[in-house]
Structures are given as C-alpha cells and as structure tokens.
Amino acid sequence: MKERTVGFYEVVVLKDDEARRIPEPMDWDGTLSDLSQAPVAARTFEADSQMVGTIATYDMQDHLLLHRVKDAGEWLSVMNFDTGTLRELEQSAQEGYLDTSVICFLPFGNVVGIMQGGVSAPSHKALETWINGIQIFPGRQLQIRPVVTHAEVEKLKTASGASRVEVKIMANKMGALRERRGGLARTLRVAGEARTGRSV
C-alpha cells in the first residue's frame, strides 16, 4: 500500500489583520452535513482555479473532498497499455477532471488533516480560499495555518492510523533559527545542516 502524507493545520480567525485562535470547537459536523445537501453551485468557488467541495462519509464520519477542476487547457491524455496508443482527453461543458484532496476535521482544537491526492491537488491555502469564498461561516475570515505547538503534536501522535509525526520547516525559514536559543532550535539547526551539508 502506498504511503500517504497527511498535513495537519489549525483553523484560526483573522481579526484586525491578526490571526487568533478560536476558543470553542467549530461545528464542522453540522457544516459538513449542511454542505452534503447543498447544490453544486453553492459548493463551488472560483479563484485562481475552480474548486468544488463534496462530502464523503467513511466510518460514520463526514470528510470533505476538495477538488481542483483542471483547466480545459491542461494537457491531459490516457494511454492504452496493451497497444501503447495515446488519446487526448477533452472536457465537455458539463464535466471536468479533478485533482482531489481529502480533508478530515479532527474533534479537537479546530485542527484539520489534509491528504493531497497529487502535487497539484488543493493545499491548505486552497482550503482557506474555498472556505472563505463560499462563506461557510458568514462574518468570519478564517485562516488555515500549520500546527506547530507541542501539545497539538502530542495529540496527533495518538491519532489512529498515524505511523509517525514529522515536523517540516521550509528552507527559507531556517535562517530565522540562527539567533534562537534552546534545545528545539539547536536540534532543527543540526537537522538543517545535515540535510544541506552546510552550516545554518
């Protein structure tokens, strides 16, 4: 079975251009239930690309499938492996080819788990754009940001189905660790040096 990576993110609210944690759990179950009854147009938002949400139920829990509709100009083809022939795919006006991410809303801390189906499938930023675009929670501007606190990582370690928890720091953020003191910053600096072969 292919290993899949799940990224964990926290849903926060923007007030006066500042991200603030939401103290109470948001009603994701009710929201997903309402979305499952909504027409496709109400679950569709167009920004840089067209995104559509659908609801899938697994093990008695609703999950969001967030789809990016491939642009009609994208190069799509299929191959017949018996003959080796290629055929171009053409989209009709009523159909679209999708890149899909599976999104699970966890029962604590307004945390979501995102498993992208491919590199061009919707990311946490696409989820943020879609949630705000279709106004799931009217009057609230939400932001989806990476989970970084120790307590949240410890909770995620106990999640069923998780084989390991990784913390990823982007290369362009490593420079910020130069002046930081403490065990975690030192560990991350050493890990960055080992990865790049140079001092951070």
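If you're wondering where the values come from, they're calculated on a predicted model, not measured in any experiment. (Residues numbered from 1 in each chain as written. Predicted model: local features only at pLDDT ≥ 70, side-chain atom pairs only at ≥ 80, totals over all residues. Heavy atoms only, no water.)

Asker: Is there a simple way to think about the pattern of salt bridges in this case?
Answerer: Two side chains carrying opposite charge are able to pair once their charged atoms lie near each other. In this structure the tally under the stated criterion is six salt bridges. The partner of R145 in a salt bridge is E10, and the shortest N-O contact between them spans 3.3 Å. Here the residue R145 occupies a position in strand β10 (residues 142-146), and E10 occupies one in strand β1 (residues 7-15), the gap between them amounting to 135 residues. Classification of R145 as partly exposed rests on a relative accessible area of 27%. Across the pair E24 and R140 runs a salt bridge, and its minimum N-O distance is 3.0 Å. Of the two residues, E24 sits in the loop between β2 (18-21) and α1 (28-37) while R140 sits in the loop between α2 (124-133) and β10, which places them 116 residues apart along the sequence. (Salt bridge = Lys/Arg side-chain N within 4 Å of Asp/Glu carboxyl O. Helix = DSSP H or I, 4+ residues; strand = E, 2+ residues; numbered from the N terminus. Buried < 20%, exposed > 50% of the residue type's maximum accessible area, 1.4 Å probe, protein only.)

Asker: How should α2 be read in this particular structure?
Answerer: Since there are 3.6 residues in each turn of an α-helix, residues three or four apart along the chain are aligned in direction. In terms of residue burial, α2 counts as a mostly covered element, since seven of its ten residues are buried. Within the span of α2, buried status applies to H124, A126, L127, E128, W130, I131 and N132. Just beyond α2, the residue with positive phi is Q135, at close to 55°.

Asker: Please explain the nonpolar core as it appears in this structure.
Answerer: Side chains of nonpolar character tend, in soluble globular proteins, to be buried together. In terms of nonpolar packing, the biggest core is built from 24 residues, with I103, V112, L127, W130, I131 and L142 touching the most fellow members. Residue contributions to this core peak at four residues, all from α2. Leave out the neighbours within four places in its chain, and W130 touches L35, R43, T44, F45, M51, V52, G53, L64, L66 and I136. (Core = buried A, V, L, I, M, F, W, Y, C linked by side-chain atoms within 4.5 Å. Contact = heavy atoms within 4.5 Å.)

Asker: Looking at this model, I keep getting lost on the packing of aromatic side chains. Mind explaining?
Answerer: In this structure the tally under the stated criterion is two aromatic pairs. Each ring, one from W28 and one from F105, has its centre 4.3 Å from the other, and the planes form 20°; the classification is stacked. With W28 in helix α1 and F105 in strand β8 (residues 98-105), this pair connects stretches of sequence that are 77 residues apart. With respect to burial, W28 and F105 carry one shared label: buried. Ring centres 5.3 Å apart and planes at 90° place the aromatic pair W28 and F137 in the edge-to-face group. One end of the pair, W28, is in helix α1; the other, F137, is in the loop between α2 and β10, and 109 residues separate them in sequence. Taking the relative accessible area as the measure of exposure, W28 reaches 5% and is therefore buried. Following the ring pairs from residue to residue traces out a cluster consisting of W28, F105 and F137. (Phe/Tyr/Trp six-rings, centres within 6.5 Å; stacked < 30°, edge-to-face > 60°.)

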